[in-house]
Amino acid sequence: MKLIVGLGNPEIKYAFTRHNTGFLAVDELLHRLGNISLDKDKFNGIFTKTKIENEDVIIAKPMTYMNNSGEFIRPLADFYKINYSDIIVIYDELALPIGRIRVTKEGSAAGHNGIKSIIANLGTEKFIKVRIGIKDDKPFISQIDFVLMKYSPDELKEQKKNIDRAVDAVISVIKNGIDKTMNDFNAA
């Protein structure tokens, strides 16, 4: 069983912000799977159980706010006895430009507070990360203000392509494995 988690913040005021790109990716994945909904509410998050490519998966969003994401992921993974290496986390990456994604099977938080929380709660960096680039060259904006800024309509249109690629990568991890997915998606 795999656990797929998109990171974001739960309040409506954060919808369509750069920091909620992981939530947007989960929404796209749910849409592709037939508009299924996150119908379970437990461990301070929402999730559903389904199948992708005949693999049992849980698709989830923490309702803990970004900086406490690990407080949802660890109890959910432990309850369903999911190996931490079978957790796929989708999130925004300030170091990558819009139009790029990066898939890794381990690695540090690189300053991302949501990932820091997950690593602290799991006690390992060895889980799959699907990072969606959000970098733009907006001058004179603090990092916090930038990630909490809503996408402009043009940016959102461009980012939609990147979110689609990230969802393709998540499905590829399940269908083809992490190594093939990294080879296929990190080169572009």
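Scroll up for the structure.
Residues numbered from 1 in each chain as written. Predicted model: local features only at pLDDT ≥ 70, side-chain atom pairs only at ≥ 80, totals over all residues. Heavy atoms only, no water.

Caption draft 1: Expanded view of the sheet that holds strand E3 (residues 45-52). Pairing is mixed across the open sheet formed by seven strands, whose spatial order is E2-E3-E4-E1-E5-E7-E6. Each edge of the open sheet is held by one strand with a lone partner, namely strand E2 (40-42) and strand E6 (101-104). The sheet shows a mean angle of 30 degrees between the axes of neighbouring strands, taken without regard to direction. Against the sheet, helix H1 (residues 21-32) touches strand E1 (2-6), E3, strand E4 (55-62), strand E5 (87-97) and strand E7 (128-135), its axis set at about 140 degrees to E4. (Pairing = 2+ DSSP bridges. Helix = DSSP H or I, 4+ residues; strand = E, 2+ residues; numbered from the N terminus. Axes fitted to C-alpha atoms, helices over the stretch in contact; angles between N-to-C directions. Contact = heavy atoms within 4.5 Å.)

Caption draft 2: Expanded view of the nonpolar core. Among the nonpolar cores identified, the biggest contains 31 residues, and Ile-4, Ile-59, Ile-88, Ile-90 and Val-103 are the most heavily contacted of them. Where this core is concerned, the elements lending two or more residues are H1, E4, E5, E6, E7, helix H4 (143-147), helix H5 (153-176) and helix H6 (178-186). Ranked by residue count, the leading element in this core is H5, at seven residues. The contact partners of Ile-59, leaving out residues within four places of it in the chain, are Ile-4, Val-26, Leu-29, Leu-30, Leu-33, Leu-38, Ile-46, Phe-47, Thr-48 and Thr-50. If you look at the next biggest cluster of nonpolar residues, it comprises 23 residues, including Phe-47, Ala-60, Tyr-84 and Ile-87. (Core = buried A, V, L, I, M, F, W, Y, C linked by side-chain atoms within 4.5 Å. Buried < 20%, exposed > 50% of the residue type's maximum accessible area, 1.4 Å probe, protein only.)

Caption draft 3: Highlighting the pattern of salt bridges. Tallied over the full model, the rule gives 15 salt bridges. For Glu-28, the salt bridge identified is with Arg-32, shortest N-O distance 3.3 Å. With Glu-28 and Arg-32 both in helix H1 and four residues apart, the pair spans about one turn of that helix. For Glu-28, a relative accessible area of 13% puts it in the buried group. Looking at Arg-32, the relative accessible area reads 32%, which means it is partly exposed. Notably, a salt bridge pairs Asp-179 with Lys-105, separated by 2.7 Å at the nearest N-O pair. With Asp-179 in helix H6 and Lys-105 in the loop between E6 and helix H3 (113-122), the pair connects residues that are 74 residues apart, well separated along the chain. (Salt bridge = Lys/Arg side-chain N within 4 Å of Asp/Glu carboxyl O.)

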